[in-house]
Structures are given as C-alpha cells and as structure tokens.
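# Fold and contact review
Take a look at the letters that make up each chain.
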Amino acid sequence: MGAASPDSGDLIVVEPARPGSPVAVVTINRPAALNALTKPMMISLAAAFRRLGADDAVAAVVLAGRGRAFCSGVDLTAAEDVFKGDVKDVATDPVAQMELCRKPIVGAIAGFAVTAGFEIALACDILVAGRSAKFLDTHAKFGIFPSWGLSQKLSRIIGPNRAREVSLTCMPVTAEMAERKEVTSITVA
C-alpha cells in the first residue's frame with residue numbers, strides 16, 4: 001500500500017504506518033466541501049479500513065478530516081448516487097469496515113462532525129475532540145433515518161433522553177458539553 005501525499009488531490013489520504021511508528025493515518029481530504037462524502041469517497045474509506053485492518057505493520061489507525069471540518073456528512077449534491085443501489089454492501093460501507101477492523105481507530109475530531117460524519121465519528125473506538133469540535137445530527141431535519149447506528153450508539157454514550165434531544169432538535173454537541181456530561185468516550189484535546 002503506497003502512501004498518498006496529502007497534496008496529491010486524493011479525497012481519502014492513507015498514510016501507512018512508518019518504521020518505528022505502528023500508527024496509520026486516514027484523512028478525509030475535501031476541505032473546500034467541509035469533507036462532505038461522495039459515494040467514491042465512501043468506497044475508498046471502506047477500502048482503506050479493510051486494508052489497514054489486514055496490515056500487520058499497523059497497530060492503530062487515526063482518522064481525521066483536513067481543514068475546518070472532520071466530515072460534514074454526505075454531499076447533498078451527490079446524495080442520489082450515495083443512496084442508490086445496495087447501500088448495505090458491507091465491502092463498500094465505511095462504518096461496517098471500521099467495525100470489522102481489527103485495529104483500534106482513534107477519531108481526531110476538529111470542526112464539524114455532521115450526520116454521516118457524526119456516525120463515522122461514533123464508529124471510532126476512541127474520540128479525541130478539539131475545542132472546535134461540534135457533533136450534529138441532522139437526520140430529522142432532512143427526514144431520513146440514521147443507517148450507521150447513530151441512534152443506538154449515541155443513546156448508549158449520553159443516555160436515551162439526551163440522545164433524543166440532540167437528534168430531534170438538531171442541537172450541536174460541543175467537545176466541552178460532551179466532557180461535562182461525563183461522556184467517557186470523548187476526550188477534549
């Protein structure tokens with residue numbers, strides 16, 4: 001697996017573990033669109049986790065977003081392409097591949113993690129959130145159901161009543177709010 005340069009224009013950049021460091025870094029690299037996901041990006045992200053999970057040189061993976069957002073969700077201009085066909089194909093589903101990955105995944109969250117981005121963040125084993133982090137579930141605003149487990153995972157972390165409030169009102173959760181609520185899986189960096 002060759003390393004992609006962050007300046008190469010790749011939308012999903014994989015920096016494999018280097019000698020002396022068993023940590024690989026995966027970066028969502030579409031900062032001009034706040035790292036909004038297209039179908040090809042989702043397929044690339046799934047493939048990256050599948051490869052890194054099988055790579056014996058990798059002990060852990062860091063997932064980050066370039067620019068001022070971690071991931072603003074699905075690119076609404078490409079939503080038709082994202083949601084057509086078999087949306088439950090495990091091989092191309094990034095969250096399914098993250099859950100199947102044998103390596104711990106650390107989500108480095110800076111800026112917005114919105115809807116699908118929030119779901120991808122919740123699929124990480126550990127979240128380290130910068131002071132700029134804002135988690136936002138807008139599924140209700142658009143009348144769609146979370147398909148990557150947000151409704152179950154969020155309620156386990158912050159409790160069912162708080163999760164309903166966050167999801168139904170589209171209320172942003174900052175890193176500081178998460179930390180004050182004693183959300184043990186999110187650490188403010």
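Conventions used here
Residues numbered from 1 in each chain as written. Predicted model: local features only at pLDDT ≥ 70, side-chain atom pairs only at ≥ 80, totals over all residues. Heavy atoms only, no water. UniProt positions renumbered as here; feature names shortened; annotations may be inferred. Helix = DSSP H or I, 4+ residues; strand = E, 2+ residues; numbered from the N terminus. Buried < 20%, exposed > 50% of the residue type's maximum accessible area, 1.4 Å probe, protein only. Contact = heavy atoms within 4.5 Å. Areas by Shrake-Rupley, 256 points an atom, 1.4 Å probe, with all protein chains shown as cover. Pairing = 2+ DSSP bridges. Core = buried A, V, L, I, M, F, W, Y, C linked by side-chain atoms within 4.5 Å. Patch = residues over 30% accessible without salt bridge, like charges linked within 9 Å, V, L, I, M, F, W, Y side chains within 5 Å. Salt bridge = Lys/Arg side-chain N within 4 Å of Asp/Glu carboxyl O. Phe/Tyr/Trp six-rings, centres within 6.5 Å; stacked < 30°, edge-to-face > 60°.

UniProt annotates the chain under Sequence similarities (unreviewed entry) with the comment "Belongs to the enoyl-CoA hydratase/isomerase family."

## Re the overall build of the chain
A count of helical and extended segments in the chain gives eight helices and ten strands. When burial is assessed residue by residue, the chain has 48% of its 189 residues classed as buried. By sequence separation, contacts in the chain at least 24 residues apart represent 65% of the contacts at least 6 residues apart. For the chain, the accessible surface area stands at approximately 9200 Å², while carbon and sulfur atoms represent 58% of it.

## With respect to the sheet that holds strand 4 (residues 69-71)
Taken together, four strands build an open sheet; the order of strands is 4-6-8-9 and the sheet is mixed. Single-partner strands in this sheet number two, and they are strand 4 and strand 9 (173-174).

## Remarks on the nonpolar core
Counting 43 residues, the largest nonpolar core has L63, I109, I120 and F135 as its most contacted members. When residues in this core are grouped by element, the largest group, six residues, is from helix 1 (residues 39-54).

## Let's talk about a nonpolar patch on the surface
Together, L76, F142 and I144 give the surface a local cluster of nonpolar side chains, amounting to about 300 Å² of exposed area. With respect to the helices and strands, F142 occurs in helix 5 (residues 139-142).

## Observations concerning the packing of aromatic side chains
Taken as a whole and judged by the stated rule, the model has one aromatic pair. Relative to F135, the ring of F118 has its centre 5.4 Å away and its plane inclined at 45°; by these criteria the two rings are tilted. Of this pair, F118 sits in helix 4 (residues 116-122) while F135 sits in strand 8 (residues 134-136); the two residues are 17 residues apart in sequence, bridging distant segments of the chain. One exposure class covers both F118 and F135, and it is buried.

## Notes on the pattern of salt bridges
Tallied over the entire structure, the rule returns three salt bridges. When the shortest N-O distance is used, the salt bridge between D56 and R102 registers 3.8 Å. You can see D56 sitting in the loop between helix 1 and strand 3 (60-65) and its partner R102 sitting in the loop between helix 3 (94-100) and strand 5 (105-109), a full 46 residues away along the chain. In this structure, D56 and R102 share a single accessibility class: exposed.

## A word on the pairing of strand 7 (residues 126-129)
Side chains L127 and A129 of strand 7 all project onto a buried face; the interleaved residues I126 and V128 project onto a face where none is buried. Bridge count between strand 5 and strand 7: four bridges; the pairing is parallel. Note that in strand 7 the partner of A108 across the bridge is V128.

## Considerations on the environment of K103
Within the secondary structure layout, K103 lies in the loop between helix 3 and strand 5. Of the residues examined, K103 reaches a relative accessible area of 8% and is grouped as buried. Considering only alpha carbons, one finds K103 and D56, 47 residues apart in sequence, at a separation of 9.7 Å. Leaving out residues up to four positions away in the same chain, K103 has contacts with L52, G53, D55, D56, V58, A59, A60, V61 and D125.

## A closer look at unusual backbone geometry
Of note in the backbone geometry, N35 takes a positive phi value of approximately 60° without being a glycine. Within the secondary structure, N35 sits in the loop between strand 2 (23-28) and helix 1. The backbone of T115 sits at a positive phi, close to 50°, despite the residue not being glycine. Within the secondary structure layout, T115 lies in the loop between strand 6 (112-114) and helix 4.

## Overview of the pairing of strand 1 (residues 12-15)
Residues I12 and V14 line one face of strand 1 and the alternating positions V13 and E15 line the opposite face, and both faces are buried. Taken together, the four bridges between strand 1 and strand 2 define a ladder with antiparallel strand orientation. Bridge pairing links I12 to I28 in strand 2.

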